[in-house]
Amino acid sequence: NVIGVVGIGQDITARLAQEREYSKLIDTANAPIFGVDTQGRVNVWNICARKLVGYSTAEVMGHSLVQEFITQDYQASVQAVLDQALAGVETANFEF
């Protein structure tokens, strides 16, 4: 038997505006920016990445960055860097 319900409301307007600003900053950056989830699937792909690589956001979102968009010669090293990043280990100036 349910005897009551408690609800809590919070105005998140400012947080949503801040998230939109971050998204705009990432998308308009003059450097390629991408993000992957814990499974290595692309979840961020900015305008510069699209121009540099030639794949649209729709083509890459949700797809495996390493398996589908990195040449076989570099897959192991790129995957290692992503694994380290997901573990909280920073890698600076990685080139492939």
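Residues numbered from 1 in each chain as written. Predicted model: local features only at pLDDT ≥ 70, side-chain atom pairs only at ≥ 80, totals over all residues. Heavy atoms only, no water.

1. Some words on the packing of aromatic side chains
Tallied over the entire structure, the rule returns one aromatic pair. Aromatic pair Tyr 55 and Phe 69: ring centres 4.9 Å apart, planes at 70 degrees, arrangement edge-to-face. Pair noted here: Tyr 55 is in the loop between α2 (47-53) and α3 (57-60) and Phe 69 is in helix α4 (residues 65-69), with a separation of 14 residues, a long-range link. (Phe/Tyr/Trp six-rings, centres within 6.5 Å; stacked < 30°, edge-to-face > 60°. Helix = DSSP H or I, 4+ residues; strand = E, 2+ residues; numbered from the N terminus.)

2. Side note on helix α5 (residues 72-86)
With 15 residues, α5 should reach 21 Å at 1.5 Å per residue; the first-to-last C-alpha distance of 21 Å fits that figure. Tucked into the core, α5 has its buried residues touching β1 (34-36) and α4. Just downstream of α5, Gly 88 is the residue with a positive phi angle, here 90 degrees. (Expected span 1.5 Å × (residues − 1). Contact = heavy atoms within 4.5 Å.)

3. A few points about the nonpolar core
Listed in full, the 11 residues of the largest apolar core are Val 36, Val 42, Trp 45, Ala 49, Val 60, Leu 65, Val 66, Phe 69, Ile 70, Val 78 and Leu 82. Where this core is concerned, the elements lending two or more residues are β2 (42-45), α4 and α5. When residues in this core are grouped by element, the largest group, three residues, is from α4. Apart from residues lying up to four places away in sequence, Val 42 is in contact with Gly 35, Val 36, Val 60, Met 61, Gly 62, His 63 and Leu 65. (Core = buried A, V, L, I, M, F, W, Y, C linked by side-chain atoms within 4.5 Å. Buried < 20%, exposed > 50% of the residue type's maximum accessible area, 1.4 Å probe, protein only.)

4. Quick word on the side chain of Asn 46
On the secondary structure map, Asn 46 appears in the loop between β2 and α2. The class for Asn 46 is buried, based on a relative accessible area of 0%. Here Asn 46 is in contact with Ile 26, Asp 27, Ala 29, Ala 31, Pro 32 and Ile 33, once residues within four sequence places are set aside.

5. Regarding the pairing of β2
By the bridge criterion, three bridges tie β1 to β2 in an arrangement that is antiparallel. In the sheet register, Gly 35 faces β2, and the bridge partner there is Val 44. Between β1 and β2, which pair antiparallel in sequence order, lie five residues; one of them, Gly 40, sits at a positive phi of approximately 85 degrees. (Pairing = 2+ DSSP bridges.)

6. As for the environment of Leu 65
As for its placement among the helices and strands, Leu 65 is situated in helix α4. The buried category is assigned to Leu 65, whose relative accessible area is 4%. Between the C-alpha atoms of Leu 65 and Asp 37, which are 28 residues apart in sequence, the distance is 10.0 Å. Leu 65 has contacts with Phe 34, Val 36, Gly 40, Val 42, Trp 45, Ile 70 and Leu 82, leaving out every residue within four places of it along the chain.

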